[in-house]
Amino acid sequence: MKGPIAMITGATSGFGEATAKRLAKEGWNLILTGRRVDRLEKLAKSLSKKYDVHILTQGYDVRIEEAVNESVASLNGGWEKIDVLVNNAGLAVGRSPINDGDADDWNRIIDTNVKGLLYVTRAVSNLMKKRKKGHIVNIGSIAGKEVYDGGNVYCASKFAVDALTKAMRIELLPLGIKVTQIAPGAAETEFSLVRFKDDEAKAAAVYNGFTPLAADDIADTVHYAITRPKHVCLNDIVIMPSAQANSTTILRDL
Ligand code: NDP
Ligand code: 8X3
């Protein structure tokens with residue numbers, strides 16, 4: 001296989017899908033993961049037809065520790081030589097205040113955004129350790145920098161990603177692994193549809209009256225971060241729509 005290898009979690013939609021498209025265009029071979037296998041296969045087929053790269057798909061739920069371990073352990077024939085891991089799979093579910101919170105929503109958020117990221121990171125960093133090189137990019141959020149009303153558990157999960165990124169940077173340093181966090185503000189993907197449980201009107205209202213980030217903006221940022229020289233690591237990138245000053249301040253033209 002010529003060209004580097006990137007593994008992207010959550011490549012069926014949004015940032016993950018856009019990053020897959022961007023990296024394939026730049027000559028990266030890709031391991032694409034997510035639960036919706038039909039989407040993974042369709043994407044893999046179209047990218048390998050369009051570009052001279054190899055694409056491997058692995059359908060699993062990052063919340064299932066054994067599934068993550070088995071999928072990563074099954075990589076062979078060169079696929080185990082992962083250069084870049086993009087820990088992107090994640091979600092928010094609900095916007096209720098804590099006193100009205102649904103424990104199922106809380107579990108989905110924490111199990112995916114925190115524990116899933118840990119399972120994938122442990123498995124892949126041990127592959128990178130063997131080659132004494134690698135780069136892990138964690139997709140955090142502005143929600144992991146500032147708390148907002150109704151953000152509670154999602155914010156806590158992204159604050160955890162922020163803390164884990166810092167911990168990884170210390171602990172994976174001797175293994176030759178660089179660690180970057182990209183923390184975006186509002187971006188129009190399937191994120192709000194998932195958060196509002198398929199309520200399209202509520203999801204669309206999030207982006208009313210301003211231009212949010214697009215998934216391609218994040219793909220561009222991932223590509224920039226992973227193509228810096230060996231001696232340079234971008235530790236933490238906060239990327240916002242120009243109309244958004246912080247978690248709660250958005251200039252809307254309504
Ligand atoms: P999307 O909903 O469009 O994409 C989320 C991706 O995560 C999908 O590919 C989905 O795949 C995957 N995913 C979710 N749960 C699981 C799971 N249990 N196992 C495996 N894969 C899973 O949203 P975004 O692209 O916007 O979100 C990507 C990341 O960016 C998330 O971590 C999100 O928190 C973060 N983020 C989003 C922002 C935004 O405003 N959009 C801003 C800041 C950060 P599938 O359902 O097929 O499993
Ligand atoms: C997603 C952005 O502001 O909806 O991480 O939490 S926000």
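Residues numbered from 1 in each chain as written. Chains lettered and ligands numbered in written order. Predicted model: local features only at pLDDT ≥ 70, side-chain atom pairs only at ≥ 80, totals over all residues. Heavy atoms only, no water.

Moving on to the pattern of salt bridges. One pass over the full model with this rule turns up 15 salt bridges. A salt bridge links Lys 115 to Asp 111, with the shortest nitrogen-to-oxygen separation between them at 3.4 Å. On the criterion of helical spacing, the pair formed by Lys 115 and Asp 111 is a turn pair, its members being four residues apart in helix H4 (residues 103-131). Here Lys 115 falls in the partly exposed class, since its relative accessible area comes to 35%. According to the relative accessible area criterion, Asp 111 is partly exposed, its value standing at 23%. In this structure, Asp 236 engages Lys 145 in a salt bridge whose closest nitrogen and oxygen atoms are separated by 2.4 Å. Of the two residues, Asp 236 is situated in strand S9 (residues 236-239) and Lys 145 in the loop between strand S5 (134-139) and helix H5 (152-171); the sequence distance between them amounts to 91 residues. (Salt bridge = Lys/Arg side-chain N within 4 Å of Asp/Glu carboxyl O. Helix = DSSP H or I, 4+ residues; strand = E, 2+ residues; numbered from the N terminus. Buried < 20%, exposed > 50% of the residue type's maximum accessible area, 1.4 Å probe, protein only.)

Burial along strand S1 (residues 5-8) is two-sided: the face carrying Ile 5 and Met 7 and the face carrying Ala 6 and Ile 8 are both buried. Sheet topology note: the S1/strand S2 (residues 29-34) ladder contains four bridges and is parallel. Note on S2: the bridge partner recorded for Met 7 is Ile 31. In this view, the connection linking S1 to its parallel neighbour S2 by way of helix H1 (residues 14-25) has right-handed handedness. Where S1 lies against strand S4 (residues 84-87), three bridges are found, and the strand directions are parallel. Across the sheet, residue Ala 6 finds its bridge partner in S4, namely Val 84. (Pairing = 2+ DSSP bridges. Right-handed = clockwise from strand over helix to strand, strands pointing away.)

To continue, consider unusual backbone geometry. The phi dihedral of Lys 132 is positive, around 55°, even though this residue is not glycine. When you line up the elements, Lys 132 lands in the loop between H4 and S5. At Asp 198, a residue that is not glycine, the phi angle is positive and equals roughly 70°. The topology assignment puts Asp 198 in the loop between helix H6 (191-195) and helix H7 (200-205).

Moving on, we get to the environment of Gly 209. Within the secondary structure layout, Gly 209 lies in the loop between H7 and strand S8 (213-214). For Gly 209 and Ala 245, which are 36 residues apart along the polypeptide, the C-alpha to C-alpha distance reads 15 Å. Leaving out residues up to four positions away in the same chain, Gly 209 has contacts with Leu 251, Arg 252, Asp 253 and Leu 254. (Contact = heavy atoms within 4.5 Å.)

The next subject is helix H3 (residues 65-73). Turning to H3, its buried residues number three or more, namely Val 68, Ser 71 and Val 72. With its buried residues spanning 95° around the axis, H3 presents them on a single face. Relative to its buried face, H3 has exposed residues pointing more than 90 degrees away, namely Glu 70 and Ala 73. (Arc of directions from axis to C-beta.)

The next point concerns the site of ligand 2. Around ligand 2 lies a shell formed by Ser 141, Ile 142, Ala 143, Tyr 148, Tyr 154, Phe 191 and Arg 195. Contacts to ligand 2 include Tyr 148, whose side-chain N or O atom sits 2.5 Å from an oxygen atom. The side chain of Tyr 154 places a nitrogen or oxygen atom 2.5 Å from an oxygen atom of ligand 2. Surface burial for ligand 2 is 83%, taken as the share of its 240 Å² of free accessible area covered by protein chains. Split into classes, the residues belonging to the shell around ligand 2 amount to five nonpolar, one polar and one charged. (Near = heavy atom within 4 Å. Polar contact = N/O pair within 3.5 Å; in protein donor to acceptor, adjacent residues only side chain to side chain. Areas by Shrake-Rupley, 256 points an atom, 1.4 Å probe, with all protein chains shown as cover. Nonpolar A, V, L, I, M, F, W, Y, C, P; charged D, E, K, R; others polar.)

So, about the environment of Asn 152. Of note, Asn 152 is situated in helix H5. Residue contacts for Asn 152: discarding those within four places in its chain leaves Ser 96, Pro 97, Ile 98 and Trp 106.

With that settled, the discussion passes to the packing of H3 against H4. The interhelical angle for the contact between H3 and H4, taken along N-to-C directions, is 20°, at an axis separation of 9 Å. By the angle between their axes, H3 is roughly parallel relative to H4. Judged by the twist between their axes, the crossing of H3 over H4 is right-handed. Each of Glu 65, Val 68, Asn 69 and Val 72 in H3 lies in contact with H4, whose residues at this interface are Tyr 119, Val 120, Arg 122, Ala 123, Val 124 and Leu 127. (Axes fitted to C-alpha atoms, helices over the stretch in contact; angles between N-to-C directions. Parallel < 35°, antiparallel > 145°, perpendicular 65-115°, else oblique. Left-handed = near helix turned anticlockwise from the far one by under 90°.)

Contacts to ligand 1 come from 29 residues, most closely from Thr 12, Ser 13, Arg 35, Tyr 154 and Thr 189. With respect to ligand 1, the side chain of Arg 35 contributes an N or O atom lying 2.6 Å from an oxygen atom. Asp 61 places a side-chain nitrogen or oxygen 2.8 Å from a nitrogen atom of ligand 1. For the shell around ligand 1, the secondary structure elements donating two or more residues are H1 and H5. When grouped by side-chain class, the residues that make up the shell around ligand 1 number 11 nonpolar, 12 polar and six charged.

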